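Now for the letters of each chain:
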Amino acid sequence: MRILVSGGAGFVPSHLCDQLLGQGHEVVAVDNFITGHRRNLATLSPQPGFQLVEANVSLPLDLPGRFDRVYHMASPASPIDYVELPFDTLYAGSDGTRNLLERARNDGARFLLASTSEVYGDPAVHPQTEDYWGNVNPVGVRSVYDEAKRYAEALTMAYRRYHGVQTRIVRIFNTFGPRMRPNDGRVMPAFCSQALRGEALTVFGDGQQTRSLCYVTDLVAGIVGLMESDLGEPCNVGNPHEMTMLQLAQHINRFTGNTAGIVFRPLPQDDPTRRRPDISRARAAFGWEPKVGFEEGVAATVAHFRTLMERGEL
Ligand code: UDP
């Protein structure tokens, strides 16, 4: 198949490009490099069947040829990005989704929206099932991401119902692995970078808030599985292995041998208190399960940050 991946130079989408090319497909990655990095695609760029186009998917796109699949993965995706890039975040979810849905409609392609567990906000239901409607602050600092993704889901369902486009919606939970940006503000890059530099890890609030972290290759297998299934409803993909941020900090310090300990910092606004995906739908619809254990994932992720440190980039 010929496949378009928006945001292809980002952390998760670059792993998606790897997996799709490995399956023998032709891949066109589009990125404007505001948060993505060419280096993430360095091993792919020389391969036949792979093409990287510099463009902003929120603006009209001029991409020749016809696509069989469109993965809309482009968006700033960490809490500090939303603060620094509020309009890019809003437009990637709104205009970007519209452009790529139109493209899928015109090409007769199947379309997948990368949505997020953030549509559940600070969830009152735990673990989160797809039929929970969420608890989102519509005007808080995170709203540019949360509401853009909620709008993107509504737009995707409208194209499905009114234009008959074959659509999929994946709600991605916290993900980690190689190629995360050291300074993107997310918990795993922050903790790994601090630990390798021998600094105290910055735990926000009292550290009792929970997240459930999925290793990136598992996540990508779930995304491709969903695209190739016949599930039109939104679908959670994430690892239900839940822990507090304090436990995560202690684990990273132990794993790296960092003796600098932990410091507590103020909790950011609207930081969800707990998050864990119910993955029954993904299991039933396309037999997906995460396979990579947490410790194995941490080892690969720390190795990535160690490489960055050896290159003087940490
Ligand atoms: N966090 C932390 N220290 C950091 C960065 C993040 O304690 O240096 C916490 C943050 O408050 C949140 C969790 O880790 O509760 C996950 O944050 P992240 O930004 O990775 O993703 P989120 O799930 O909030 O979008």
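Residues numbered from 1 in each chain as written. Predicted model: local features only at pLDDT ≥ 70, side-chain atom pairs only at ≥ 80, totals over all residues. Heavy atoms only, no water.

Caption draft 1: Inspection of the pattern of salt bridges at higher detail. Summed over the entire model, instances satisfying the criterion amount to 21 salt bridges. A salt bridge links Asp81 to Arg181; its shortest N-O distance comes to 3.2 Å. Taken as a pair, Asp81 in helix H2 (residues 79–84) and Arg181 in the loop between strand S7 (175–176) and helix H6 (187–196) lie far apart in primary sequence, 100 residues in all. According to the relative accessible area criterion, Asp81 is buried, its value standing at 3%. For Arg171, the salt bridge identified is with Glu153, shortest N-O distance 2.7 Å. Of the two residues, Arg171 is situated in strand S6 (residues 167–172) and Glu153 in helix H5 (residues 143–163); the sequence distance between them amounts to 18 residues. The network of salt bridges with shared partners includes Arg39, Arg311 and Glu313. (Salt bridge = Lys/Arg side-chain N within 4 Å of Asp/Glu carboxyl O. Helix = DSSP H or I, 4+ residues; strand = E, 2+ residues; numbered from the N terminus. Buried < 20%, exposed > 50% of the residue type's maximum accessible area, 1.4 Å probe, protein only.)

Caption draft 2: How the structure looks around the packing of aromatic side chains. In the structure shown here, the tally under the stated rule is six aromatic pairs. An angle of 35° between the planes, with centres 6.3 Å apart, marks the rings of Phe87 and Tyr91 as tilted. Placement of the pair is Phe87 and Tyr91 together in helix H3 (residues 86–93), with a separation of four residues, close to one helical turn. Of the residues examined, Phe87 reaches a relative accessible area of 52% and is grouped as exposed. Here Phe176 and Tyr215 contribute two aromatic rings whose centre-to-centre distance is 5.7 Å and whose plane-to-plane angle is 75°, an arrangement assigned as edge-to-face. Taken together, the residues Phe176 in strand S7 and Tyr215 in strand S10 (residues 214–215) connect sequence positions 39 residues apart. Residue classification places Tyr215 among the buried positions, given a relative accessible area of 11%. Ring pairs connect the aromatic residues Tyr120, Tyr132 and Phe173, which therefore count as one cluster. When the ring centre of Phe67 is taken as reference, the NZ or CZ atom of Arg2 above it lies at 4.4 Å. (Phe/Tyr/Trp six-rings, centres within 6.5 Å; stacked < 30°, edge-to-face > 60°. Lys NZ or Arg CZ within 6 Å of the ring centre and 35° of its normal.)

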